[in-house]
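Coordinate inspection notes
Chain by chain, the residues:
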Amino acid sequence: MAIVKKAVEFQEGRVIEFTCTSDVVVGDVVPLGTGMIGIAVKSGLVGEVITLELEKVWTIKAKDSEAIAIGDKVYWDNTAKELTKTTTSNTYAGISISSKSTSAGTINVKISR
């Protein structure tokens with residue numbers, strides 16, 4: 001009787017290949033559906049294959065008017081190009097591991113967790 005594997009390892013998954021649907025610059029936040037983001041580790045033009053980092057902690061601009069605490073879930077607003085606590089129409093980005101008040105700034109976020 002042959003055994004059929006239900007899953008076969010494809011890749012480690014911390015860094016993945018991505019075909020650009022628009023021009024991407026290294027360091028850009030790239031939404032992947034509504035459930036996660038990746039950070040571009042290489043620039044690319046539409047149709048080119050680049051690599052995206054799916055883990056690590058990144059410093060990313062957050063919405064000026066929002067206070068964000070350590071442990072808050074944050075989402076990527078691809079229109080405003082910033083993190084927010086607002087879920088509607090935004091892509092889950094990760095968990096904040098730093099905080100900020102209601103002034104301009106960035107937060108450190110553990111992405112895709």
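Look above for the structure.
Keep in mind that this is a model prediction, so the values were computed, not measured. (Residues numbered from 1 in each chain as written. Predicted model: local features only at pLDDT ≥ 70, side-chain atom pairs only at ≥ 80, totals over all residues. Heavy atoms only, no water.)

Bringing the sheet that holds strand β1 (residues 15-19) into the picture now. Ordered by their spatial adjacency, four strands build an open sheet running β1-β4-β3-β2, and the pairing between neighbours is antiparallel. Edge positions in the open sheet fall to β1 and β2 (29-32), since each of these has one partner strand only. On average, each strand axis in the sheet is inclined to that of its neighbour by 45°, with strand direction left out of account. Of the strand pairs in this sheet, strand β3 (residues 36-40) and strand β4 (residues 49-53) are connected by two bridges, and their pairing is antiparallel. Paired with Ala40 across the strands is Leu52, a residue of β4. (Pairing = 2+ DSSP bridges. Helix = DSSP H or I, 4+ residues; strand = E, 2+ residues; numbered from the N terminus. Axes fitted to C-alpha atoms, helices over the stretch in contact; angles between N-to-C directions.)

Time to look at the layout of surface pockets. In this structure, the largest pocket encloses a volume near 230 Å³. In terms of lining residues, the largest pocket is bounded by Phe18, Thr21, Ser22, Asp23, Val24, Asp28, Val29, Val30, Pro31, Trp76, Asn78 and Lys81. Here the element with the most residues in the lining of the largest pocket is β2; it accounts for three residues. Counted by class, the lining of the largest pocket contains six nonpolar, three polar and three charged residues. (1 Å grid on protein atoms, 1.4 Å probe; cavity = no way out; pocket = protein on both sides within 12 Å on 5 of 7 lines; lining within 4 Å. Points joined across faces, edges and corners; volume = space filled by probe spheres on them. Nonpolar A, V, L, I, M, F, W, Y, C, P; charged D, E, K, R; others polar.)

Tracing the sequence through the fold places Ser96 in strand β8 (residues 91-96). Judged by its relative accessible area of 1%, Ser96 is buried. Polar contacts involving the side chain of Ser96 include one to the main-chain carbonyl oxygen of Ser98, which spans 2.4 Å. Filtering out sequence-adjacent residues up to four positions away, Ser96 remains in contact with Ile68, Ala69, Ile70, Gly71, Asp72, Val74, Ile107, Asn108 and Val109. (Buried < 20%, exposed > 50% of the residue type's maximum accessible area, 1.4 Å probe, protein only. Polar contact = N/O pair within 3.5 Å; in protein donor to acceptor, adjacent residues only side chain to side chain. Contact = heavy atoms within 4.5 Å.)

Our focus in this paragraph is unusual backbone geometry. Although it is not a glycine, Lys56 sits at a positive phi angle of roughly 80°. Assignment of secondary structure puts Lys56 in the loop between β4 and β5 (57-62).

In this section: the environment of Val30. Looking at the secondary structure, you find Val30 in strand β2. Along the chain, Val30 and Ala93 lie 63 residues apart, while their C-alpha atoms are 9.9 Å from each other. Leave out the neighbours within four places in its chain, and Val30 touches Phe18, Val24, Met36, Ile37, Gly38 and Leu52.

Proteins that are soluble and globular tend to have nonpolar side chains buried together. In this structure, Ile37, Ile60, Val74 and Leu83 are the most contacted members of the largest nonpolar core, which totals 13 residues. For this core, the secondary-structure elements that each account for two or more residues are β3, β5, β6 (73-77) and β9 (105-111). Looking at this core element by element, the count peaks at three residues for β9. If we skip the residues at most four places from it in the chain, Val74 touches Ile68, Leu83, Thr84, Tyr92, Ala93, Gly94, Ser96, Ile107 and Val109. (Core = buried A, V, L, I, M, F, W, Y, C linked by side-chain atoms within 4.5 Å.)

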